[in-house]
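Residue-level listing of the chains:
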Amino acid sequence: MCGIAGIISPNAKNHSGQIQKMTNAIIHRGPDSGHHEFFENAALGHRRLSIIDHSETGKQPMFSNTGNECIVLNGEIYGFQDLKKKHSDYPYRGTSDTELILAMYQKSGTKLLNELPGMFAFAIWDEEKQELFCARDRFGEKPFYYATGRNGEFIFASEIKAILASGLVDPKINQEALYHFLQYGYVSAFQSIYSNIFTLPPAHFLIYSKSKVSVERYYEIPKTNLNISLSEAKDEFTTLLKKAVQKQLIADVEVGSFLSGGLDSSTIVAMANEFKDKQTTISFGYSGEDSELKFAEEIARKYKTNHIEIYETRGNIANELLKISPFFDEPFADMSFIPQFKICEAAARHLKVVLSGDAGDELFGGYHFYQVENQLRNHFSYHNALVKFGLKQFGKFRKTSYLTKENIAHKNILDFHQHQVRNYFNKAEIQNLGITSAYHQNYSFKANPDSLNDIMRTDMEKYVPGNMLVKSDRMAMANSLEVRTPFLDKDFAEFCIQLPENLKINTENDKIILREAMGKYWTETIRNRQKQGFGSSVENWFEEKSLIDLADDLLQNKSSPIFDFINFKETQKFLNKGKQHWNLLQLAIWAENAKPQNP
């Protein structure tokens, strides 16, 4: 895993100081080494975390055999050894996966993306064409940002902080991104918090040529569902997952696994055991809280792993927030980022690479609200306007059920999902705070508003890249740790996305396909346990004086930077020690660090 940066501009060597500052800003992404290469009109920079091919032949920026192309890559190309055999006519000099992309580019140009697996964000400078080709992986595991400098320079990097470190961009607040954050607690994967710094969305590539930027989607998630039996699905599920894990265990360093004791992480550990005699597993928990460590220990004993348990007393949350939040570069309100940082910090003391069970809930139907949406869809009032009207009138005099209230309030389950699930503020509240420019994300498919599978597809293109993978990447890279996500293997993920709903959720159970295919790999306790979150409740955290003091300092002071773009008086209504208070605090911490311009 690495950090990349570049400046495309005439007389690029004049930007040697800026490119150095950019790579210095992301040294945490690659502490092992840093290098730069210059063409007449391009400067490329790289920070290296050595995972595959530690020799000089794995160094980046990397030139092709002709010297015409030069690449910087952040990521891993899983199964690259087999792809190298397919592209064996290229004169490889080393054993890295990076060189494979150069070989594929020479043969196929941008079409190489059709067969390139893995997690990646890369940029290739083509000296002959005087053109930059950039791309980001299908699901958004690796980040890529870009901007135009004040003198017309094209600037790109793995993180926003590197672009700002160039000193060539004066950031301006993005009102639409601010709206999205207030509603969902994270910035959309299709935007950045700044109106003049852009993110290359997942599954897209970018061409910069003759001072013009063009961005195009190269991949769409499957839109249809399979017609498949449970027995057939179980066999295919197991086969594909084993292949995914096997490919992601390839490295020139030890690969361990996060182990929470939940269904997803237990599955990854079990699959890794098929290919490794001894693996290292890492678990984390806070002392004195309802911890999953006892479940993790069961799986560790079953597979005789080198198990490392990290128990920590809850520290000063205010100090931890101030320390960790800057790694995001944008406001981010998911509460679990602090324990995520802690487990990455602990893992990095022992390992460079770990496997994670992320994205299982979206692929297999594991969230409680999917069950709620299934109940809403089966409620007698669903899509019955007359019955809804009657229940609305009845509700003025008698108490009605939660399902009845939500069916009355929302047009369909997709509407409920987008405007109720994981929402912090509603439209009226956001507008009262002073933000009126809403953002509406485009998807690679047209969702059926009554389909649970399409809601899961929505999460795969919205929540997973915008929240989950941002948290995973930033917290891991803050500790110079590479996290790999086998569930996002292209073949496995596509198969799961296309599984019919009845193999994911019914009225009694969630994650049906996972339970049926993987149950024999777990312990009895794990098989019967319910999902547990990672972290404490907001209300518990606000019991700490240090957090309240920090919130008061930032949110009850009219001169705080946050009030350059939201209304001070309206903000005071939401300082209730709940999730809205938490959301505003994260925005205030970001604003204090960033002090952006409000156009």
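Located above this text is the structure these notes cover.
Residues numbered from 1 in each chain as written. Predicted model: local features only at pLDDT ≥ 70, side-chain atom pairs only at ≥ 80, totals over all residues. Heavy atoms only, no water.

Novice: Would you mind showing me how to read the pattern of salt bridges here?
Specialist: Pairing between side chains becomes possible if they bear opposite charge and their charged atoms approach one another. Applying the stated rule across the entire model yields 31 salt bridges. For Lys-342, the salt bridge goes to Glu-320, with nearest N and O atoms at 3.1 Å. Here Lys-342 is found in helix H10 (residues 337-347), whereas its partner Glu-320 is found in helix H9 (residues 317-324), with 22 residues between them in sequence. Side by side, Lys-342 and Glu-320 carry an identical accessibility label, which is buried. In this structure, Asp-473 and Arg-474 form a salt bridge, with 2.9 Å as the shortest nitrogen-oxygen distance. Here Asp-473 falls in the buried class, since its relative accessible area comes to 3%. Given a relative accessible area of 4%, Arg-474 falls into the buried group. (Salt bridge = Lys/Arg side-chain N within 4 Å of Asp/Glu carboxyl O. Helix = DSSP H or I, 4+ residues; strand = E, 2+ residues; numbered from the N terminus. Buried < 20%, exposed > 50% of the residue type's maximum accessible area, 1.4 Å probe, protein only.)

Novice: How should I be thinking about the packing of H9 against H10 in this particular structure?
Specialist: The packing of two helices is summarised by the inter-axis angle and the distance between the axes. The N-to-C vectors of H9 and H10 enclose an angle of 75 degrees; their axes lie 11 Å apart at closest approach. One element, H9, and the other, H10, form an angle in the roughly perpendicular class. Seen from H9, the contacting residues are Ile-317, Glu-320, Leu-321, Lys-323 and Ile-324; seen from H10, they are Phe-337, Ile-338, Phe-341, Lys-342 and Glu-345. Class assignment for the residues of the contact of H9 with H10 results in 6 nonpolar, no polar and 4 charged. (Axes fitted to C-alpha atoms, helices over the stretch in contact; angles between N-to-C directions. Parallel < 35°, antiparallel > 145°, perpendicular 65-115°, else oblique. Contact = heavy atoms within 4.5 Å. Nonpolar A, V, L, I, M, F, W, Y, C, P; charged D, E, K, R; others polar.)

Novice: Mind showing me how you'd approach the packing of aromatic side chains here?
Specialist: To describe a pair of aromatic rings, one takes the distance between the centres and the angle between the planes. Per the stated rule, a full pass over the model turns up 31 aromatic pairs. Measuring from ring centre to ring centre gives 5.6 Å for Tyr-367 and Tyr-370, while their planes differ by 65 degrees; the resulting arrangement is edge-to-face. Judged by relative accessible area, which is 11%, Tyr-367 ranks as buried. By relative accessible area, Tyr-370 is classed as buried at 0%. Consider the rings of Phe-369 and Tyr-370, whose centres lie 5.1 Å apart with planes at 80 degrees: the pair is edge-to-face. (Phe/Tyr/Trp six-rings, centres within 6.5 Å; stacked < 30°, edge-to-face > 60°.)

Novice: Can you help me understand the nonpolar core in this one?
Specialist: Most often, soluble globular proteins have nonpolar side chains that are buried together. Counting residues in each nonpolar core, the largest one holds 172 residues, and the members touching the most others are Leu-113, Phe-122, Phe-133 and Phe-237. Element by element, the count of residues in this core is highest for helix H25 (residues 579-594), at 8 residues. Residues Cys-70, Ala-121, Trp-125 and Phe-156 belong to the second largest nonpolar core, which totals 19 residues. (Core = buried A, V, L, I, M, F, W, Y, C linked by side-chain atoms within 4.5 Å.)

Novice: Sorry, what's going on with the sheet that holds strand E10 (residues 197-199) here?
Specialist: Across a sheet, paired strands are connected by hydrogen bonds in the backbone, their directions being either parallel or antiparallel. A sheet is described by the order of its strands in space; here 6 strands give the open sequence E2-E3-E1-E9-E8-E10, paired in antiparallel fashion. Of all the strands in the sheet, just strand E2 (33-38) and E10 have a single pairing partner and so form its edges. Strand-to-strand twist across the sheet, computed as the mean angle between neighbouring axes with direction ignored, equals 15 degrees. In this sheet, strand E3 (residues 42-48) lies alongside E2 in antiparallel orientation, the contact comprising 6 bridges. Paired with Ser-33 across the strands is Arg-48, a residue of E3. Each of strand E1 (2-8), E2, E3 and strand E9 (154-157) is contacted by helix H1 (residues 16-25), which is oriented at about 155 degrees to E1, the strand it contacts most. (Pairing = 2+ DSSP bridges.)

Novice: Can you help me understand the packing of helix H5 (residues 175-184) against H25 in this one?
Specialist: Packing of H5 against H25 brings their axes to within 9 Å, and their N-to-C directions diverge by 145 degrees. In this structure, H5 contributes Leu-178, Phe-181 and Leu-182 to the contact, and H25 contributes Asn-583, Leu-584, Gln-586 and Leu-587. Grouping the amino acids of the contact of H5 with H25 by side-chain chemistry returns 5 nonpolar, 2 polar and no charged.

Novice: Help me understand the pairing of strand E7 (residues 131-136), please; the structure alone is not making it clear to me.
Specialist: Across a regular strand the side chains alternate sides, sitting on one face of the sheet and then on the other. When you tally the buried positions in E7, you get 6 out of 6 residues, the bulk of the element. Of the two faces of E7, both are covered, the one formed by Glu-131, Phe-133 and Ala-135 as well as the one formed by Leu-132, Cys-134 and Arg-136. Connecting the antiparallel pair strand E6 (residues 119-126) and E7 is a turn made up of 4 residues, with Gln-130 showing a positive phi of about 55 degrees. With 5 bridges joining them, E7 and strand E11 (residues 204-209) adopt antiparallel strand pairing. Along E11, the bridge assignment pairs Leu-132 with Tyr-208.

Novice: Help me understand the sheet that holds strand E14 (residues 280-286) in this model?
Specialist: Sheet architecture is open: 5 strands sit in the order E15-E14-E13-E16-E17, paired in parallel fashion. In this open sheet, the two strands that pair with only one neighbour each are strand E15 (306-312) and strand E17 (482-484). Averaged over all pairs of adjacent strands, the angle between strand axes in this sheet comes to 30 degrees, irrespective of strand direction. For strand E13 (residues 255-258) and E14, the ladder comprises 2 bridges, and the chain directions are parallel. By the bridge assignment, Phe-258 is partnered in E14 with Ile-282. Sitting on the sheet, helix H8 (residues 293-302) is in contact with E14 and E15, with an inclination near 170 degrees to E15.

Novice: I'm lost on the layout of surface pockets in this one. Help?
Specialist: A water-sized probe, rolled over the atoms, reveals where empty space remains. Taken as a whole, the second largest pocket encloses approximately 590 Å³ of empty space. Lining the second largest pocket are 25 residues, with Gln-183, Tyr-184, Gln-418, His-419 and His-440 sitting closest to its centre. For the lining of the second largest pocket, the residue count by class is 11 nonpolar, 10 polar and 4 charged. (1 Å grid on protein atoms, 1.4 Å probe; cavity = no way out; pocket = protein on both sides within 12 Å on 5 of 7 lines; lining within 4 Å. Points joined across faces, edges and corners; volume = space filled by probe spheres on them.)

Novice: Hey, could you run me through the environment of Lys-85 in this one?
Specialist: Assignment of secondary structure puts Lys-85 in helix H2 (residues 80-86). Between the C-alpha atom of Lys-85 and that of Cys-134, which follows or precedes it by 49 residues, the distance is 24 Å.

Novice: How should the pairing of E14 be read in this particular structure?
Specialist: For E14, a buried count of 7 out of 7 residues is recorded, marking the element as mostly surrounded by other parts of the structure. Side chains Thr-280, Ile-282, Phe-284 and Tyr-286 of E14 all project onto a buried face; the interleaved residues Thr-281, Ser-283 and Gly-285 project onto the opposite face, where all are buried too. Regarding topology, helix H7 (residues 263-273) serves as the crossover connection from E13 to the parallel E14, and that connection is right-handed. Summarising the sheet, E14 and E15 pair through 7 bridges and their orientation is parallel. What sits directly across from Thr-280, in E15, is Asn-306. (Right-handed = clockwise from strand over helix to strand, strands pointing away.)

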